[in-house]
Amino acid sequence: MQVALIGVSGYSGTVLYRLLKQHPAVDQINLYGHVDQAATPLATVVPAYQKETAMVRPFVAAKVMAANDVAFFATSAGVTQTLALPLLKAGFPVIDLSGDFRLQDPASYTRWYHRPAAEAAALTKASYGLAEFNHHLTSYVANPGCYATATLLGLAPVVQNHLIDPTSIVVDAKSGLSGAGKKLAATSQFTTVNDNLQLYKVNQHQHIPEIMQQLQAWWSAIPALEFTTTLIPVTRGIMSSIYVKVAQPTTTAALIAQYQQTYQTSPFVQVLPAGELPTLKTVVGSNNCALGINYNPVTKTILIVSVIDNLMKGAAGQAIQNFNQLMNLPQTTGLPTLPTFP
Ligand SMILES: NC(=O)C1=CN([C@@H]2O[C@H](COP(=O)(O)OP(=O)(O)OC[C@H]3O[C@@H](n4cnc5c(N)ncnc54)[C@H](OP(=O)(O)O)[C@@H]3O)[C@@H](O)[C@H]2O)C=CC1
Ligand SMILES: CC(=O)N[C@@H](CCC(=O)OP(=O)(O)O)C(=O)O
């Protein structure tokens, strides 16, 4: 298969290139950048890939469709609603790692992303690719956000089965710095990130409406959730610590049995035994999501700890998983199921 990749110079695009290189169904990767960018060697935009001879060429929608079978956009928010529109309208297969087509409501996108949304008719053509739960994708796949993936996989079993008080969801999520992309900001300087923790976007995070959209599709009784994000001094990894009150008293063993049932056919989701909670290193380097569950009978609260690698399951890995599903390949094709531990 011939595959287009737009945005190889970004963190997610760089990881995606590596995964595509070792994917057995991919014969060639064609790289594209900005519409006005001169052809540039890959080794120039990704210095870590010195021995690669590929070129990054300017993006021209018609040329991308003529030369490829599918296109991956690992571009910043706001880009695909313009660049990918001709592909979407032509029904050309696209996996979009950005948030542009995740929210069905254009007003919600404008409010949370602080820019105009894609046209409403285009939004309806995209499918939300939470890969464990959406196996019937349209040709335009909106790959989920990293925090949204960790949080939704952690909540799915208790929400889908109505096991909790729907008003009680509290999520304390933490991410490594690569989640912010390669651009340097005051908040991402070494002196600010190292030896430090920073909460950010409190009640303003763009994944709040994304998570709510999916939770309400599973159970319309969920009115809202409390969701905070913290930047932690690691390169990769997301830990979403989720607290929910139960509807009826339960046990850790019963909850784990429910989680195992929900994910019995999901090769990338690991439900840990009672008494074990995952760390970032349980998953970093793999496309896995590891879940630890602990019930506190005193407070009638469930703690669910969900960890992923933000650049794998949270971005490039899930994009490959969706590509596999779109092309009717086994979900695990070309994807690592073991972490890079230690
Ligand atoms: N980092 C993460 O963990 C996750 C990221 N995402 C999403 O994936 C996307 C990429 O993220 P990330 O890799 O972190 O971002 P980066 O900021 O590291 O990279 C952005 C990429 O987009 C390219 N780009 C920006 N504007 C244009 C344009 N107009 N035309 C063509 N290319 C363009 C950049 O090229 P250039 O450098 O030449 O400007 C660069 O290659 C984002 O939408 C992000 O929200 C989703 C989940 C997790
Ligand atoms: C650490 C950090 O800054 N992470 C980013 C997550 C990026 C992401 O996934 O954003 P999209 O929804 O636009 O794809 C953030 O919190 O905004």
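Model, not experiment: these values are computed from the prediction. (Residues numbered from 1 in each chain as written. Chains lettered and ligands numbered in written order. Predicted model: local features only at pLDDT ≥ 70, side-chain atom pairs only at ≥ 80, totals over all residues. Heavy atoms only, no water.)

1. Topic: the site of ligand 2
Inspection of the region around ligand 2 gives 14 residues, with Arg-102, Tyr-200, Lys-201, His-205 and His-207 positioned closest. A distance of 2.6 Å separates an oxygen atom of ligand 2 from a polar side-chain atom of His-205. In the model, an oxygen atom of ligand 2 is placed 3.0 Å from a nitrogen or oxygen of the Gln-206 side chain. Relative to its unbound accessible area of 440 Å², ligand 2 is 84% covered by the protein chains. Looking at the shell around ligand 2, its residues break down into six nonpolar, six polar and two charged. (Near = heavy atom within 4 Å. Polar contact = N/O pair within 3.5 Å; in protein donor to acceptor, adjacent residues only side chain to side chain. Areas by Shrake-Rupley, 256 points an atom, 1.4 Å probe, with all protein chains shown as cover. Nonpolar A, V, L, I, M, F, W, Y, C, P; charged D, E, K, R; others polar.)

2. Section: the domain arrangement of the chain
Per the domain assignment, the segments making up the chain are domain 1 (2–124) and domain 2 (147–310). Contacts between the two partners involve eleven residues from domain 1, matched on the other side by 13 residues from domain 2. Summing both sides of the interface, domain 1 and domain 2 together bury roughly 1000 Å²; the carbon and sulfur share of this comes to 57%. On the domain 1 side of the contact with domain 2, Tyr-11, Arg-102 and Trp-112 bury the most area, a combined 56% of that side's loss. Linking domain 1 to domain 2 there are one salt bridge. Here Arg-102 and Glu-210 are joined by a salt bridge, their closest N and O atoms 3.0 Å apart. At the level of elements, helix H1 (11–21) and helix H6 (106–113) are the ones that each hand at least two residues to the side of domain 1 that touches domain 2. Looking at the side of domain 1 that touches domain 2 residue by residue, the class counts come to five nonpolar, four polar and two charged. (Domains from an automatic or database assignment. Contact = heavy atoms within 4.5 Å. Buried area = accessible area lost by both parts, 1.4 Å probe. Salt bridge = Lys/Arg side-chain N within 4 Å of Asp/Glu carboxyl O. Helix = DSSP H or I, 4+ residues; strand = E, 2+ residues; numbered from the N terminus.)

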